[in-house]
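# Inside the fold
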Amino acid sequence: MTERKASGELRVAIAGLGSIGTKIATALDQGIEGLTLSAVAVRDPAKHQAFISSLRRPPTILPLDQLGEAADIVVECAPSSQLRAIVEPAVKRGRAAVVVSVGGLLDNFDLVDLARANGGRIIVPTGALIGLDAVNAAAIGTIHSVKMVTRKPIDGLKGAPFIVQNNIDIDNLREPLKLFEGTAREAAKGFPANVNVAVALSLAGIGPDRTRMQVWADPTVTRNVHRVDVEADSARFSMSIENIPSENPKTGIITALSVIALLRKQRATLCVGT
Ligand SMILES: NC(=O)C1=CN([C@@H]2O[C@H](COP(=O)(O)OP(=O)(O)OC[C@H]3O[C@@H](n4cnc5c(N)ncnc54)[C@H](O)[C@@H]3O)[C@@H](O)[C@H]2O)C=CC1
Ligand SMILES: O=C([O-])CC(=O)C(=O)O
């Protein structure tokens, strides 16, 4: 993230103006120290025209693969199927890509090598989770185990490939049902739009094959609930977060706020937390 406009501001582009992307665009437009919203990529420009025009400084609309030409930081906020199309051209140009569809990174991990070879970066925000600072720190030493349990309301899980492929009826549940137990890597395949947090946790800690996870469909909760237990040689810690869903029931409101906090840190004079 070293290249800058003549004004000294870092230019930020956003790929995907859904639940997360629109909030980040709004925050940038309202002002984040040292950053400016330069471009966006959308699937259907007509649908987003009113929103884009309502911004004080409307960004240019560009195709996904041109965002890296107009920005120093490209923020991916689209479905994970688009991850490669967004991140590859950006990191090839030596840009930083902030990835929220982090589950999709596991099948595209060569992008990390591509970024390294071209002076680019891939940055995964804490997103809808909690405490990746502590996991990062513990991973400097030895982490023995990381276990995560996710409970979601029915609307937050509908359509997940694991549920569809196994023909599981979650619509008529009256009590919590454990849908899945396995590794974070397996969870990301079965629930690609639901467990990005588990993949972020695994990349901060002991990797997607050693991070264990359960996914529950829970008709008794109204929030996306994640509990994490870590055993390390430096500390033992447990963390939980209850996320209020956004207009997209699969996505917690805090996800966009996490990216905004990350962007604020890029040029802030005082930075708190790792
Ligand atoms: N890392 C984390 O903690 C979290 C990550 N996520 C992930 O973040 C991603 C975005 O989530 P939301 O904003 O809630 O999804 P959303 O469905 O509200 O928005 C996605 C947007 O991408 C747009 N889009 C689709 N194809 C596109 C293309 N080819 N070019 C440009 N735009 C395109 C859609 O039109 C839509 O506006 C998802 O992959 C989701 O799974 C969600 C919650 C937490
Ligand atoms: O990780 C995800 O994909 C979304 C999630 O659980 C949340 O928003 O709480």
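Residues numbered from 1 in each chain as written. Chains lettered and ligands numbered in written order. Predicted model: local features only at pLDDT ≥ 70, side-chain atom pairs only at ≥ 80, totals over all residues. Heavy atoms only, no water.

- Looking up the protein in an unreviewed UniProt entry gives the name L-aspartate dehydrogenase, with the organism given as Bradyrhizobium sacchari.
- Per UniProt, the protein carries the Sequence similarities (unreviewed entry) text "Belongs to the L-aspartate dehydrogenase family." (UniProt positions renumbered as here; feature names shortened; annotations may be inferred.)

## A look at the site of ligand 1
- Near ligand 1 there are 24 residues, and of these Ser19, Ser101, Ala128, Asn196 and Thr251 occur at the shortest range.
- Threonine 251 is positioned such that a nitrogen or oxygen atom in its side chain is 2.7 Å from an oxygen atom of ligand 1.
- The set of elements that each furnish at least two residues to the shell around ligand 1 consists of helix H1 (19-30) and helix H9 (196-204).
- A class-by-class count of the residues in the shell around ligand 1 yields twelve nonpolar, eleven polar and one charged. (Near = heavy atom within 4 Å. Polar contact = N/O pair within 3.5 Å; in protein donor to acceptor, adjacent residues only side chain to side chain. Helix = DSSP H or I, 4+ residues; strand = E, 2+ residues; numbered from the N terminus. Nonpolar A, V, L, I, M, F, W, Y, C, P; charged D, E, K, R; others polar.)

## Things to note about the UniProt feature "domain: Aspartate/homoserine dehydrogenase NAD-binding" (unreviewed entry) in the protein
- Residues annotated by UniProt as "domain: Aspartate/homoserine dehydrogenase NAD-binding" (unreviewed entry) correspond here to residues 16-125.
- The span residues 16-125 carries 41% helix and 18% strand; its end-to-end C-alpha distance comes to 17 Å.

## A look at the environment of methionine 148
- Relative to the elements of secondary structure, methionine 148 occurs in strand S7 (residues 143-152).
- Among all residues touching methionine 148, those that are not within four sequence positions of it are Leu129, Val197, Ala198, Leu201, Arg212, Met213, Gln214, His226, Arg227 and Val228. (Contact = heavy atoms within 4.5 Å.)

## With respect to the sheet that holds strand S10 (residues 224-232)
- A sheet is described by the order of its strands in space; here five strands give the open sequence S8-S9-S7-S10-S11, paired in mixed fashion. The sheet terminates laterally at strand S8 (177-183) and strand S11 (236-243), the two strands that pair on one side only. The average undirected angle you get between the axes of adjacent strands in this sheet is 10°.
- Two strands pair when backbone bridges link them, and S7 and S10 are joined in this way by eight bridges, in the antiparallel orientation. Paired with lysine 147 across the bridge in S10 is aspartate 229.
- Packed onto the sheet, helix H6 (residues 132-140) meets S7, S10 and S11 and runs at close to 155° relative to S11. (Pairing = 2+ DSSP bridges. Axes fitted to C-alpha atoms, helices over the stretch in contact; angles between N-to-C directions.)

## Describing the pairing of strand S5 (residues 96-99)
- Burial along S5 is two-sided: Ala96 and Val98 and Ala97 and Val99, pointing in opposite directions, are all buried.
- Looking at chain direction, strand S4 (residues 73-76) and S5 are connected through four bridges and run parallel. Directly across from isoleucine 73, in S5, lies its bridge partner alanine 96.
- In this fold, S4 hands off to helix H4 (residues 83-92), which returns the chain to S5; that crossover is right-handed.
- Two elements, S5 and strand S6 (residues 121-123), share three bridges in a ladder whose sense is parallel. Opposite valine 98, over in S6, you have isoleucine 123 as the bridge partner.
- Handedness of the crossover joining S5 and S6 through helix H5 (residues 110-118) is recorded here as right-handed. (Buried < 20%, exposed > 50% of the residue type's maximum accessible area, 1.4 Å probe, protein only. Right-handed = clockwise from strand over helix to strand, strands pointing away.)

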